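Each chain, written out:
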Amino acid sequence: MPSRPHLPRPHRHDVLIALSGLLGGALMWAVGVHNNQSFFHTPRWLGLIALVVIAASELLRRSRPLVGLGVGTAAISLDVLSGGLAVTFLMYTDLVYAAVMYSGPGAARRIPRLCGLLTVLATVVPLAVYNDPLALLVGTFVALLTLTPAWTGAVVRNHREEAAAARLEAERVALLAELDRREAVASERSRMARELHDMVANHLSAIAIHSSAALSLKDPAATDEALGVIRENSVRGLAEMRRLIGLLRDPGETSEPAATSTLDALDTLLEQARTNARSGGQDIVLCDERPDGAAALPAPVELAAYRIVQESLTNALKHAASGRVDVTLAHRADGPLEVSVISPYGDREGPRAPGSGTGLIGMRERVSLLGGTLDAGPVSGPGGTVWQVRAALPLGEESARRVP
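Residues numbered from 1 in each chain as written. Predicted model: local features only at pLDDT ≥ 70, side-chain atom pairs only at ≥ 80, totals over all residues. Heavy atoms only, no water.

Looking at this model, I keep getting lost on the nonpolar core. Mind explaining?
Nonpolar side chains in soluble globular proteins tend to end up buried together. Formed by 29 residues in total, the largest nonpolar core has its most connected members in Leu266, Ile284, Ile308, Val309, Leu313, Leu337 and Leu393. Those elements that place two or more of their residues in this core are helix H8 (266–277), helix H9 (299–319), strand E2 (323–331), strand E3 (337–344), helix H10 (359–369) and strand E5 (384–393). Considering each element in turn, this core owes the most residues, eight residues, to H9. Setting aside residues up to four positions removed in sequence, Leu313 forms contacts with Leu270, Ala273, Ile284, Val325, Val327 and Val341. (Core = buried A, V, L, I, M, F, W, Y, C linked by side-chain atoms within 4.5 Å. Buried < 20%, exposed > 50% of the residue type's maximum accessible area, 1.4 Å probe, protein only. Helix = DSSP H or I, 4+ residues; strand = E, 2+ residues; numbered from the N terminus. Contact = heavy atoms within 4.5 Å.)

In structure tokens, the structure reads:
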């Protein structure tokens, strides 16, 4: 058999209200303290029944507020006919208040309006029938019994809803702040990883390649040259690592770790790359097609271009075959800065130095942050297949504000 639905357990405060009202009303009924005479010779003991019913309705003030109000309305009508107890009236006002507070939004809006209409009718009708100013007391009594607790409940409910909405908004703002913080942390970690890779990978790759050459060559002169390149890259790598660590340790430092790496330092980078690529038989050639006297490029664009060239030369040192490596910079009027690095693409057993595969990822991240495009891969040409890295870096104001 299907189980019967059970009424929810009343709140302990509701139980206390019901018991207090029941005991207080029973005491007043016992000593004969009534509000007025009974109407139509209604027995006084019916007021005691009304007291018990309305006290039981108090148990439903939170769980079933409209049911409690309906039962309480019937009980208060019976109480008024029997002479009325002040405690019964007081509990009924609480039922009206609870109906507005704990019922649904629709009922919470309608109950104060109905109470207002009832108050108007209780004021106008007796005054019209009896034509006596004392009849206004009926409207006053009904207003105190219904309209006042209904308005009070509406005001309190409105404040509670506003407070709940404010809490939800505060939680939403806190959640968004936490998401922004996590995104900022992730972005900062990604930026630090790119900078660390770009600053150190080139030197470590050269060290690995030349150390392998020094171990395999039997020529003392070639070994000494390889060791010299190893020492130079070690010193430069350590210097850049110290600078990066110093910037990370200083919380007041706001400059970029690679802020000094601009296209003005490209000649130094290419000279160093030529020294490292000498053992691989590669010749690095720069073709700068930028017009003379052009306006200075935004710092983020220069930094991204420098890092793209640096990473492309590092990859060429590790993977490219012997031959010419062309580095091209081009900047047309009102157009993006174009960076191209083309290196020989030959069949090799493997790279000269191990790699992590994050170089291309870092370049794509830098270009994406500037809203540009990057293409990297083998391209067929008249002289055979070459590996081409081609980036287009926009120079708009939005790019100038971004930091790669």
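Still to come is the rest of the account.
I keep staring at the pattern of salt bridges and nothing clicks. Help me out?
Think of it this way: side chains of opposite charge can pair up when their charged atoms draw near. Following the criterion strictly, the structure yields 12 salt bridges and no others. A salt bridge links Glu161 to Arg157, with the shortest nitrogen-to-oxygen separation between them at 3.1 Å. Linking Glu161 with Arg157, this pair stays in helix H6 (residues 136–216), spanning four residues, or about one helical turn. Its relative accessible area of 12% is what places Arg157 among the buried residues. Here Arg172 makes a salt bridge to Glu169, at a shortest N to O gap of 2.7 Å. Here Glu169 and Arg172 lie together in helix H6, a separation of three residues that amounts to about one turn. (Salt bridge = Lys/Arg side-chain N within 4 Å of Asp/Glu carboxyl O.)

Even after reading the chapter, I still don't get the side chain of Ser312, so can you show me in this structure?
Among the secondary structure elements, Ser312 is positioned in helix H9. A residue is classified by how much of its surface remains accessible, and Ser312, at 5% relative accessible area, is buried. When near neighbours in sequence (up to four residues on either side) are disregarded, Ser312 contacts Val341, Met363 and Val389.

Hey, could you run me through the sheet that holds E5 in this one?
Strand pairing in a sheet takes place through backbone hydrogen bonds and is either antiparallel or parallel in direction. The strand order across the open sheet formed by five strands is E1-E2-E3-E5-E4, and the pairing between neighbours is mixed. For this open sheet the edge positions go to strand E1 (282–288) and strand E4 (373–381), each flanked by a neighbour on one side alone. Averaged over all pairs of adjacent strands, the angle between strand axes in this sheet comes to 15 degrees, irrespective of strand direction. Relative to E5, E3 runs antiparallel, the two being bridged by eight bridges. Bridge pairing in E5 links Leu337 to Leu393. Contacting E1, E2, E3 and E5, H9 runs over the sheet at an angle of about 5 degrees to E3. The sheet strands contacting H10 are E4 and E5, and the helix crosses E4 at an angle near 130 degrees. (Pairing = 2+ DSSP bridges. Axes fitted to C-alpha atoms, helices over the stretch in contact; angles between N-to-C directions.)

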